Amino acid sequence: MTVWEDLVGQDRVRTALAAAARDADALVTAEASGAAPPEASKMTHAWLFTGPPGAGRATAARAFAAALQCTGPDRALGGEPGCGFCDGCHTSLIGTHADVEVIRTDLLSIGVKETRELVRRAQLSPAVGRWQVIVMEDADRLTEGAGNVLLKAVEEPAPRTVWLLCAPSLEDVLPTIRSRCRHLVLSTPSVAAVADFLVRRDGIEPEAARAAARATQGHIDRARRLATDERARARRATVLKMPLRVEEIGGCLKAAQELIDAAAEDAKQASETVDAKETEDMKAALGAAAGGRMPRGTAGAMKELADRQKRRSTRTQRDSLDLALSDLTGFYRDVLALQLGSRVALANEDVRDALDRVARASTPERSLRRIEAIGACRQALDRNVAPLLAVESMAVSLRSG
């Protein structure tokens, strides 16, 4: 199984990366033998992967990183880098390769301090591998200052360093950075491709895989979670009842509060165990006494950890809310399709009765305004409006249409 197997429905991107990996292998081989490097190489030092959520941006970047580190013997016989079995591929994919740094954040942003450390590392030569590869899965979360720090490294890269940046769109990255990267656009994979992937890789029953892929409209990670997690299915069912509960102002406010509470509970469950372990590890590292008493001068470190955990909880809550808003958007998209007599497949066929009821009681214009209201709620959350206020405003707009 090659490193490209998890790249679902992205044949064009896979072809481009495989060609670049071949040229990268030829560059390293020529350098080692003292030969002239190949002309017109498709390899470059900085790449930018963009595409909608769930398309597999980070998966593509990690697969490319593994192909760059591939040491499989088949390469000498004309085989493509990225065999998936050698030590270079395996350790790159599971995150233990010494020369592959994967940066993902559970906070709202990536700051200057963290970026400077990455830039420092990027100047080093590979320790054991063929390239020094830095995968930044959330390049869109770089602050402006952090982006300016990164720009210097992208402008003047070390000879064997490769930057792989991932972001939803070009607009999410500084123009000065994206102009120095080779850009690859990933598309949303088809429902059939995602369902086949879930059956093949996760052993999910075909019917459940198709239902999850259809409900998430090709978002691979969400489809996997929906197919395997009963709690995720229950949460989605609750969200899809919201359009039927906003007929009165009281129902709007109650539904909004329940949505916020569910997001907060998701954040609590996701962080509770991690926070406790981090706190205990920090106390042990700072030399806490057996009774839990902390040494003098350590209060600042503990406060910094608590602040980080709070920011992570906020990010998790925002992600949970965003998932709910995606489900709501899909509901009204299906309503609009029914109202217009479209032949497109419905994402929420399992709640067809609710779709028909809302479609009969409104018009296409009202459905479009409701979709716009959900988008406005997303924008408000991005601007740090209080989540309850933003969701309440959206719920009232859903009522009025």
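Here, every reference points to the structure presented above.
Since this is a predicted model, take the numbers as computed values, not measurements. (Residues numbered from 1 in each chain as written. Predicted model: local features only at pLDDT ≥ 70, side-chain atom pairs only at ≥ 80, totals over all residues. Heavy atoms only, no water.)

Caption draft 1: Looking closely at the overall build of the protein. A count of helices and strands for the protein gives 15 helices and 5 strands. In terms of C-alpha radius of gyration, the protein reaches 24 Å, essentially the compact-globule figure of 21 Å for 401 residues. In terms of overall dimensions, the protein has a C-alpha envelope of 75 × 65 × 40 Å along the principal axes. Residue burial in the protein is summarised as follows: out of 401 residues, 43% are buried. Within the protein, contacts between residues at least 6 apart in sequence are counted, and of these 71% link residues at least 24 apart. As presented, the protein carries roughly 20,200 Å² of accessible surface, and 52% of it is formed by carbon and sulfur atoms. Across the protein, the 56 positively charged side chains and the 55 negatively charged ones have centroids separated by 2 Å. (Helix = DSSP H or I, 4+ residues; strand = E, 2+ residues; numbered from the N terminus. Rg over C-alpha atoms; globule rule 2.2 N^0.38 Å. Buried < 20%, exposed > 50% of the residue type's maximum accessible area, 1.4 Å probe, protein only. Contact = heavy atoms within 4.5 Å. Areas by Shrake-Rupley, 256 points an atom, 1.4 Å probe, with all protein chains shown as cover. Lys, Arg positive; Asp, Glu negative; His and termini not counted. Charge placed at Lys NZ, Arg CZ, Asp CG, Glu CD.)

Caption draft 2: The arrangement of the packing of aromatic side chains in detail. Using the criterion set out here, one finds 2 aromatic pairs in the structure. Ring geometry for Trp47 and Phe64: centres 5.0 Å apart, planes at 70°, overall edge-to-face. Of the two residues, Trp47 is situated in strand E1 (residues 46-50) and Phe64 in helix H2 (residues 57-68); the sequence distance between them amounts to 17 residues. Neither residue differs from the other here; Trp47 and Phe64 are each classed as buried. An angle of 80° between the planes, with centres 5.5 Å apart, marks the rings of Phe331 and Tyr332 as edge-to-face. Take Phe331 and Tyr332: they sit in the same class, and that class is buried. The ring of Trp131 has Arg160 lying over it, and the distance from NZ or CZ to the ring centre is 5.7 Å. Taking NZ or CZ as reference, Arg182 lies 5.2 Å from the ring centre of Trp47, over its face. (Phe/Tyr/Trp six-rings, centres within 6.5 Å; stacked < 30°, edge-to-face > 60°. Lys NZ or Arg CZ within 6 Å of the ring centre and 35° of its normal.)

Caption draft 3: Quick look at the packing of H2 against helix H3 (residues 87-94). It is the contact of H2 with H3, at a shortest axis distance of 8 Å, that shows an interaxial angle of 150°. When the axis of H2 is compared with that of H3, the two are roughly antiparallel. H2 and H3 meet at a crossing whose hand is right-handed. Taking contact as the criterion, the partners of Arg62, Ala63, Ala65 and Ala66 in H2 are, on H3, Cys89, Ser92 and Leu93. Of the residues in the contact of H2 with H3, the class split is 5 nonpolar, 1 polar and 1 charged. (Axes fitted to C-alpha atoms, helices over the stretch in contact; angles between N-to-C directions. Parallel < 35°, antiparallel > 145°, perpendicular 65-115°, else oblique. Left-handed = near helix turned anticlockwise from the far one by under 90°. Nonpolar A, V, L, I, M, F, W, Y, C, P; charged D, E, K, R; others polar.)

Caption draft 4: Expanded view of helix H15 (residues 387-400). Compared with the 20 Å implied by 1.5 Å per residue over 14 residues, the 20 Å span of H15 between its first and last C-alpha is a close match. Along H15, the residues that are buried comprise Ala390, Val391, Met394, Ala395 and Leu398. Here the buried residues of H15 occupy an arc of 135° about the axis, which is enough to place them on one side. (Expected span 1.5 Å × (residues − 1). Arc of directions from axis to C-beta.)

Caption draft 5: Up close: the sheet that holds strand E4 (residues 161-167). As summarised here, the arrangement of the 5 strands in space is E2-E3-E4-E1-E5, forming an open sheet in which the pairing is parallel. For this open sheet the edge positions go to strand E2 (100-103) and strand E5 (182-185), each flanked by a neighbour on one side alone. Here the strands of the sheet are splayed against their neighbours by 15° on average, with no regard to which way each runs. One ladder, built from 5 bridges, connects strand E3 (residues 132-136) with E4; its direction is parallel. Counterpart to Met136 in the pairing with E4 is Leu165. (Pairing = 2+ DSSP bridges.)

Caption draft 6: Representation of the side chain of His97 in the model. Mapped onto the secondary structure, His97 falls in the loop between H3 and E2. Overall, the relative accessible area of 9% leaves His97 in the buried class. For His97, the side chain forms a polar contact with the main-chain nitrogen of Asp99, separated by 2.9 Å. Apart from the residues within four sequence positions on either side, His97 is in contact with Gln69, Gly88, Thr91, Ser92, Val128 and Gly129. (Polar contact = N/O pair within 3.5 Å; in protein donor to acceptor, adjacent residues only side chain to side chain.)

Caption draft 7: Quick peek at the packing of helix H7 (residues 191-202) against helix H9 (residues 220-228). Where H7 meets H9, the axes come as close as 10 Å, and the angle between the chain directions of the two elements is 60°. Looking at the two axes, H7 sits oblique to H9. Viewed along their axes, H7 and H9 form a crossing whose handedness is right-handed. Where H7 abuts H9, its residues Val194, Phe197, Leu198 and Asp202 lie against Ile220, Ala223 and Arg224. Class assignment of the residues belonging to the contact of H7 with H9 gives a composition of 5 nonpolar, no polar and 2 charged.

Caption draft 8: The environment of Thr29, seen in detail. With respect to the helices and strands, the residue Thr29 is situated in helix H1 (residues 11-33). Residue Thr29 is classed as partly exposed on the basis of its relative accessible area, which comes to 43%. Expressed as a C-alpha distance, the spacing of Thr29 and Arg130, which sit 101 residues apart in the sequence, is 9.7 Å.

Caption draft 9: Focus on the pairing of E3. Taken across its 5 residues, E3 has 5 buried, putting it largely inside the fold. Alternating positions in E3 separate into two faces, Gln132, Ile134 and Met136 on one and Val133 and Val135 on the other, with burial throughout. Looking at chain direction, E2 and E3 are connected through 4 bridges and run parallel. Its bridge partner lying in E3, Val100 is registered against Val133. Tracing the backbone out of E2, into helix H4 (residues 112-122) and back to the parallel element E3 gives a crossover that is right-handed. The parallel pair E3 and E4 is bridged by helix H5 (residues 144-155), and the resulting crossover is right-handed. (Right-handed = clockwise from strand over helix to strand, strands pointing away.)

Caption draft 10: Region of the structure containing a nonpolar patch on the surface. Among the surface-exposed residues, Ile249, Leu253 and Val396 lie close enough to one another that they form a single nonpolar patch of about 210 Å² accessible area. Of note, Ile249 is situated in helix H11 (residues 249-285). By relative accessible area, Ile249 is classed as partly exposed at 40%. (Patch = residues over 30% accessible without salt bridge, like charges linked within 9 Å, V, L, I, M, F, W, Y side chains within 5 Å. Salt bridge = Lys/Arg side-chain N within 4 Å of Asp/Glu carboxyl O.)

Caption draft 11: Structural context of the pairing of E4. The element E4 is extensively covered by neighbouring structure, given that 7 of its 7 residues are classed as buried. Judged from the 5 bridges that link them, E1 and E4 form a sheet pairing that is parallel. Bridge pairing in E4 places Ala46 opposite Trp163.

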